[in-house]
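Chain by chain, the residues:
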Amino acid sequence: MTKELLNRCGGKCELCGSESNLGAYELPESKGYGDARIMICDTCTGQIKAPATIDMNHWRCLNDSMWSQVPAVQVMAYRMLKQISEEAWARDLLDMLYLDEDMLAWAEAGIEEVDEDFVPHKDSNGAILEAGDNVVIIKDLNVKGTTFTAKRGTTVRGISLTNNPEHIEGRVNGTRIVILTCFVKKVMPSEV
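Residues numbered from 1 in each chain as written. Predicted model: local features only at pLDDT ≥ 70, side-chain atom pairs only at ≥ 80, totals over all residues. Heavy atoms only, no water.

A word on the overall build of the protein
Stage number 1. Scanning the protein from terminus to terminus reveals six helices and 12 strands.
Stage number 2. Taking 192 residues into account, the globule formula puts the C-alpha radius of gyration at 16 Å, and the protein, at 21 Å, lies well above it.
Stage number 3. Reported as C-alpha extents along the three principal axes, the dimensions of the protein are approximately 65 × 35 × 30 Å.
Stage number 4. Taking all 192 residues of the protein together, 36% fall into the buried category.
Stage number 5. Considering only contacts in the protein between residues 6 or more positions apart, those separated by 24 or more positions represent 56%.
Stage number 6. Surface accessibility of the protein: about 11600 Å² in total, with carbon and sulfur atoms responsible for 48%.
Stage number 7. Within the protein, the 29 negative side-chain charges are centred at a point lying 10 Å from the centre of the 20 positive side-chain charges. (Helix = DSSP H or I, 4+ residues; strand = E, 2+ residues; numbered from the N terminus. Rg over C-alpha atoms; globule rule 2.2 N^0.38 Å. Buried < 20%, exposed > 50% of the residue type's maximum accessible area, 1.4 Å probe, protein only. Contact = heavy atoms within 4.5 Å. Areas by Shrake-Rupley, 256 points an atom, 1.4 Å probe, with all protein chains shown as cover. Lys, Arg positive; Asp, Glu negative; His and termini not counted. Charge placed at Lys NZ, Arg CZ, Asp CG, Glu CD.)

In structure tokens:
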């Protein structure tokens, strides 16, 4: 079956056109809709499986791949465009993409319901923060109710999220404090 996919895709990722690290990917929630396998690269696979890592510019490739004659590729293009529809260019592409009723039902079957009220916690640079992340304080902060100042450059490990998207919690000098997200920068795994 992989040989058939390689022949169909011509040795290129069916979404972005990359020629390296290709692998078969089966679209979730596709039972009963026909062949749900596409050949895609590691970059596309990684971002599909981990939406928090999505690089919006990478998905501009859907401008071409959404016109594929392969139904599974069209469905995956629709799903990804729907996922990044906060981008104006992605909304424009969605408006142009035509799927018949059956294909639209297939595409919609794999889209998780999004909580419209959800607001992510973001650091000072706009990076999304998750529980357990490490952050660096970017400004000296007077900590209310204590006698110390959280110094600029202090790393806060294993943060916790609060109900307020502008606040996180973490330990500084052995004391658990609330920190405004606008005063922290997320530490990327490569920087640890």
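Things to note about the confidence of the model for the protein
Any segment with low pLDDT has predicted coordinates that should not be analysed in fine detail.
Stage number 1. Across the protein, the average pLDDT comes to 88, with 94% of residues at 70 or higher.
Stage number 2. When mean pLDDT is taken per element in the protein, strand S5 (residues 135-137) scores highest with 96 and helix H1 (residues 2-9) scores lowest with 84. (pLDDT = per-residue confidence, 0-100.)

Some points on the nonpolar core
Stage number 1. Core analysis: the largest hydrophobic core is formed by 34 residues, its most contacted members being Leu15, Leu27, Ile38 and Trp59.
Stage number 2. Secondary-structure elements contributing two or more residues to this core are strand S2 (37-41), helix H2 (42-49), helix H4 (71-83), helix H5 (88-96) and helix H6 (101-109).
Stage number 3. If we ignore the near neighbours within four places in the chain, the residues touching Leu15 are Ile38, Ile40, Cys44, Ile48, Trp59, Cys61, Leu62, Ser65, Val73 and Met76.
Stage number 4. Counting residues in hydrophobic clusters, the runner-up holds 14 residues, among them Leu129, Leu141, Val143 and Ile177. (Core = buried A, V, L, I, M, F, W, Y, C linked by side-chain atoms within 4.5 Å.)

Looking at the state of the cysteines
Stage number 1. Applying the stated criterion across every chain yields a total of zero disulfides.
Stage number 2. For the unlinked cysteine Cys41, the closest cysteine sulfur is that of Cys16, found at 3.6 Å.
Stage number 3. The thiol of Cys44 is not disulfide-bonded; the next cysteine sulfur, from Cys41, is found 3.7 Å away. (Disulfide = S-S within 2.5 Å.)

Notes on H4
Stage number 1. Helix length check: H4 (13 residues) gives 18 Å between terminal C-alpha atoms against 18 Å at 1.5 Å per residue, within 8%.
Stage number 2. The element H4 is extensively covered by neighbouring structure, given that 10 of its 13 residues are classed as buried.
Stage number 3. Residues of H4 that are buried sit in contact with strand S1 (22-26), S2, H2, helix H3 (62-65), H5 and H6. (Expected span 1.5 Å × (residues − 1).)

A short note on the sheet that holds strand S10 (residues 167-172)
Two strands in a sheet stick together by hydrogen bonds in their backbones, pointing the same way (parallel) or opposite ways (antiparallel).
Stage number 1. If you trace the three strands from one edge of the open sheet to the other, you get S9-S10-S11, paired in antiparallel fashion. This sheet does not close on itself; its edge strands, each paired only once, are strand S9 (160-161) and strand S11 (175-180).
Stage number 2. Pairing of S10 with S11 involves six bridges; the strand directions are antiparallel. From the neighbouring strand, Gly170 faces S11, where its bridge partner is Ile177. (Pairing = 2+ DSSP bridges.)

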